[in-house]
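Report on the structure
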Amino acid sequence: RSSDLAKRAAPFNNWMDGAIEDLQDMFIVHSIEEIQSLITAHEQFKATLPEADKEKMAILGIQAEIQKIAQTYGIKLSGINPYTNLTHLDIANKWDSVKQLVPHRDQTLQEELARQQANERLRRQFAAQANIIGPWIQTKMEEIGHISVDISGSLEDQMNHLKQYEQNIINYKTNIDKLEGDHQLIQEALIFDNKHTSYSMEHIRVGWEQLLTTIARTINEVENQILTRDAKGISQEQMNEFRASFNHFDRKRNGMMDPDDFRACLISMGYDLGEVEFARIMTLVDANNTGVVTFQAFIDFMTRETAETDTAEQVMASFKILASDKSYITVDELRRELPPEQAEYCISRMTKYIGADAAPGALDYISFSSALYGESDL
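The paragraphs below set out a description of the structure included in this document. (Residues numbered from 1 in each chain as written. Predicted model: local features only at pLDDT ≥ 70, side-chain atom pairs only at ≥ 80, totals over all residues. Heavy atoms only, no water.)

Some details on the nonpolar core
- Counting residues in hydrophobic clusters, the biggest one holds 66 residues, and the most contacted among them are F262, F298, F319, L334 and M350.
- Here the element with the most residues in this core is helix α5 (residues 155-188); it accounts for nine residues.
- Not counting chain neighbours up to four residues away, the residues in contact with M350 comprise F319, I329, L334, L363, D364, Y365 and F368.
- In terms of nonpolar packing, the next biggest core, distinct from the first, is built from 19 residues, L5, M16, I20 and V102 among them. (Core = buried A, V, L, I, M, F, W, Y, C linked by side-chain atoms within 4.5 Å. Buried < 20%, exposed > 50% of the residue type's maximum accessible area, 1.4 Å probe, protein only. Helix = DSSP H or I, 4+ residues; strand = E, 2+ residues; numbered from the N terminus. Contact = heavy atoms within 4.5 Å.)

As structure tokens, this is what we get:
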């Protein structure tokens, strides 16, 4: 029986050592899924305890049997089993340790589960707002861009529209502040990932700053345009023509023309540009050498140029030559006489000629010239 005891006690003792180590194992998890898998493993372990308890009882039963035999036959036990140095007390004490550690592990796992669930709530709370705020900022940026190139109303209409946007943006600030508060909680909880949104707080902050800068800059640009218009006596119609010309050649649609775009625009207006002349003009419109022409610089240049040199009459005279002295010009003539981009621009901007002598496809270059350069009062 002593060897039976040894055969069963040693493996059981090793199992208990392993169980105690597992029950005290430290863990670091980052998600509900990870802690759930640890809880599942712990529940599976707890399910094996009844079997283990039977094994412990069997081992202690053998031990008791040995004692009983010894008493019955008056055998004096030396106290040492030649097959194992484990006593029934060792087994019983270690088993008690296992039993005490199980509820402690239960509590630790449940506390971590609660923490991970709280973290997930914080992630979802942040994401729900960020997924609305991010696109809102993007949409507002695009809408401001559309207003700034709009030619349907007056500059005052544009300004009123932009001021409304500015107020709308200022009122939205509370949403950003609330998101900052949630971000603070996320940082304090040491959460470093959020699968529910592609927006980080940094993304939102940068977008918000860009939006504030853009609305302020756009309002400033329109204020300058109003000042320029009033100081130089430009009509709203002519201002709209300048904007239409600018928009047509602003290929990137970013409110600025590259030098190549600007050059194409000037050629379409009848400028005969050599390299030297264009370089001179670029120094006027881009004095700081930024590599782009803004709408404000474009207006300044156009009003300076129209005031000093070109008049509507001169442009009409040029078209009249192209049109072989007719008071209208045809699409074919424009395409034959002008570079493609210039021709397409004129075709898209000229209105239909409605005189008695009109031919099919006749275009009115006189009203086009007048609108572009203003009546000859400049």
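A short note on the side chain of D182
- Note on placement: D182 falls in helix α5.
- If we ignore the near neighbours within four places in the chain, the residues touching D182 are Q125, F126 and Q129.

Brief notes about the sheet that holds strand β4 (residues 351-352)
- Pairing in this open sheet of three strands is antiparallel, and the strands run β3-β5-β4 from one edge to the other. Each end of this open sheet is capped by a strand with a single partner; those strands are β3 (329-330) and β4.
- Pairing between β3 and strand β5 (residues 362-364): two bridges, direction antiparallel. Within the sheet, the bridge partner assigned to I329 lies in β5 and is L363. (Pairing = 2+ DSSP bridges.)

Interpretation in functional terms is not warranted from these geometric data alone.
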